[in-house]
Amino acid sequence: GENVEQHPSTLSVQEGDSAVIKCTYSDSASNYFPWYKQELGKGPQLIIDIRSNVGEKKDQRIAVTLNKTAKHFSLHITETQPEDSAVYFCAAPGRESNFGNEKLTFGTGTRLTIIP
Amino acid sequence: GAVVSQHPSRVICKSGTSVKIECRSLDFQATTMFWYRQFPKQSLMLMATSNEGSKATYEQGVEKDKFLINHASLTLSTLTVTSAHPEDSSFYICSARGGPAKNIQYFGAGTRLSVL
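Position labels on residues start from 1 in each chain and follow its written sequence. Key to labels: chains lettered from A, ligands numbered from 1, both in the order written. In keeping with the predicted nature of the model, local features appear solely for residues at pLDDT of at least 70, side-chain atom pairs appear and are counted solely at 80 or more, and the whole-chain, interface and lining totals rest on all residues. As a convention, hydrogens and water are excluded, and side-chain values are obtained from all of the structure's heavy atoms.

1. Some remarks on the interface of chain A and chain B
Point 1. Residue contacts follow a heavy-atom distance rule, with two residues in contact if any of their heavy atoms lie within 4.5 Å. Of the residues lining the interface, 21 residues belong to chain A; the matching set on chain B comes to 22 residues.
Point 2. Buried area, as used here, totals the accessible surface that two parts lose on assembly, with accessibility defined by a 1.4 Å probe and the loss added over both. Note on chain A versus chain B: buried area summed over both sides is about 1700 Å², and carbon and sulfur give 51% of it.
Point 3. Just to be clear on terms, a salt bridge is a Lys or Arg side-chain nitrogen sitting within 4 Å of an Asp or Glu carboxyl oxygen. At the junction of chain A and chain B, the tally comes to 1 salt bridge.
Point 4. Measuring nitrogen to oxygen at the nearest pair gives 2.9 Å for the salt bridge that ties Lys103(A) to Glu59(B).
Point 5. We count a stretch as a helix when DSSP gives it H or I for four or more residues in a row; a strand needs E for two or more, and each element gets its number in order from the N terminus. Going through the elements one at a time, strand 4 (32-38) and strand 5 (45-51) of chain A are the ones with two or more residues in the side of chain A that touches chain B.
Point 6. Note on residue categories: nonpolar means Ala, Val, Leu, Ile, Met, Phe, Trp, Tyr, Cys or Pro, charged means Asp, Glu, Lys or Arg, and polar means any other residue, Gly included. For the side of chain A that touches chain B, the residue count by class is 8 nonpolar, 7 polar and 6 charged.

The structure is reproduced here in structure tokens:
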């Protein structure tokens, strides 16, 4: 199955600076890479995703880059704000199951703290 | 956007009782729903995948008789934790797929189960 590693586990960034979180995956068949933000006591919320046919995607202060050759993808948050403080998870689907249902394998999470 | 509603948000029960958690897709038909379990400061661990009208597919190590999943309609899946014990205390999260962007999993807000 798919194996996803995520680094760092914790990250503290001064408000206004940039934050970068990196993930690696093992299954070369993975073709979809979402990033989720989880606030305390809540479910994960999709913040950005990228498909394997592009190398970068940007949405305002958030961007994701993908290197298929190296099998890693990264989340970039610029001009960080206190409300960016949360746990961020990357995920990758691996190969399709018998039902064609791509099961997401999640990284171990990064606790991002924005220091005012 | 796609909304997934999960109830209850918090439940406290006595050891030996059964607890039912509901997951509803409010504005789309969910072809597939997923159930996850998350321990404090850990990642999401997939428990099972369910498709409407068919039996759930459980991940290795998850007891299907302990965690009963019913996906009776395209908008509702339920997880019943039978004969709950303190070690079942955890954060349970559902997700649904089949919304406007068919590969994206939309998550519920989670249910915190505490078994006394």
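Let's pick the thread back up.
2. What to know about the sheet that holds strand 1 (residues 4-7) of chain B
Residues and elements named next belong to chain B.
Point 1. Think of it this way: DSSP has to see at least two bridges between two strands before they count as a pair. As summarised here, the arrangement of the 4 strands in space is 1-3-8-7, forming an open sheet in which the pairing is antiparallel. The open sheet has two edge strands, strand 1 and strand 7 (67-73), and neither has a second partner. Averaged over all neighbouring strand pairs, the angle between strand axes comes to 15°, with direction disregarded.
Point 2. Of the strand pairs in this sheet, strand 7 and strand 8 (residues 76-81) are connected by 5 bridges, and their pairing is antiparallel. Note on strand 8: the bridge partner recorded for Ser-73 is Leu-76. Orientation is described by lines fitted to C-alpha atoms, with helices fitted over the stretch in contact, and by angles between N-to-C directions that extend from 0 to 180 degrees.

3. Re the nonpolar core
Point 1. To form a nonpolar core, buried Ala, Val, Leu, Ile, Met, Phe, Trp, Tyr and Cys residues must be joined to one another through side-chain atoms within 4.5 Å. Only protein chains enter the area calculation, which uses a 1.4 Å probe; residues under 20% of their type maximum are buried, those over 50% are exposed, and those in between are partly exposed. Counting residues in each nonpolar core, the largest one holds 27 residues, and the members touching the most others are Val4(B), Phe28(B), Trp35(B), Leu79(B), Tyr92(B) and Leu113(B).
Point 2. Contributing elements (two or more residues each) for this core: strand 2 (10-13), strand 3 (19-25), strand 4 (32-38), strand 5 (45-51), strand 7, strand 8, strand 9 (90-97) and strand 11 (111-115) of chain B.
Point 3. Residues within four places of Val4(B) in sequence aside, it is in contact with Cys23(B), Arg24(B), Phe28(B), Cys94(B), Ala96(B), Tyr106(B), Phe107(B) and Gly108(B).
Point 4. One finds Leu11(A), Val13(A), Tyr25(A) and Ile48(A) within the second-largest nonpolar core, a separate group that totals 24 residues.

4. A word on the side chain of Thr80(A)
All names here are of chain A.
Point 1. Here Thr-80 is to be found in the loop between strand 8 (72-77) and strand 9 (86-92).
Point 2. Engagement of the side chain of Thr-80 in a polar contact is seen with the backbone oxygen of Gln-14, the distance being 3.3 Å.
Point 3. Those residues in contact with Thr-80 that lie beyond four places of it in its chain are Val-13, Gln-14, Glu-15, Gly-16, Asp-17, Ser-18, Ala-19, Arg-61 and Ile-114. Identification of polar contacts relies on pairs of N or O atoms within 3.5 Å, with a donor-acceptor requirement for protein atoms, meaning one able to donate a hydrogen and the other able to accept it, and with residues adjacent in sequence counted only if both atoms are side-chain atoms.

5. As for the packing of aromatic side chains
Point 1. Centres within 6.5 Å make a pair out of two Phe, Tyr or Trp rings, where for Trp the six-membered ring is used; the pair is then stacked when the planes are under 30 degrees apart, edge-to-face when over 60, and tilted otherwise. This model, assessed by the stated rule, comprises 12 aromatic pairs over all chains.
Point 2. Relative to Phe33(A), the ring of Tyr25(A) has its centre 4.7 Å away and its plane inclined at 45°; by these criteria the two rings are tilted. As far as the burial class goes, Tyr25(A) and Phe33(A) line up, both buried.
Point 3. Summarising the aromatic geometry, the rings of Phe33(A) and Phe73(A) are spaced 4.8 Å apart at their centres and angled 45° between planes, so their arrangement reads as tilted. Residue Phe33(A) is found in strand 4, and its partner Phe73(A) is found in strand 8; the two are separated by 40 residues along the sequence. We note that Phe33(A), like Phe73(A), is buried.
Point 4. An aromatic cluster of three or more residues is present, and its members are Tyr36(A), Phe89(A), Phe106(A), Tyr36(B) and Phe107(B).

6. Overview of the pairing of strand 5 of chain A
Residues and elements named next belong to chain A.
Point 1. With 6 bridges joining them, strand 4 and strand 5 adopt antiparallel strand pairing. Paired with Phe-33 across the two strands is Ile-50, which belongs to strand 5.
Point 2. The turn joining strand 4 and strand 5, which pair antiparallel and follow one another in sequence, is formed by 6 residues; a positive phi near 75° is taken by Gly-41.

7. Re the confidence of the model for chain A
The predicted coordinates should not be examined in detail at positions where pLDDT is low.
Point 1. Chain-level statistics for chain A give a pLDDT mean of 91 and a share of 93% at 70 or above.
Point 2. The score called pLDDT rates the predictor's confidence residue by residue, from a low of 0 to a high of 100. Put simply, strand 10 (residues 105-106) of chain A is where chain A has its lowest mean pLDDT, 92, and strand 2 (residues 10-14) of chain A is where it has its highest, 98.

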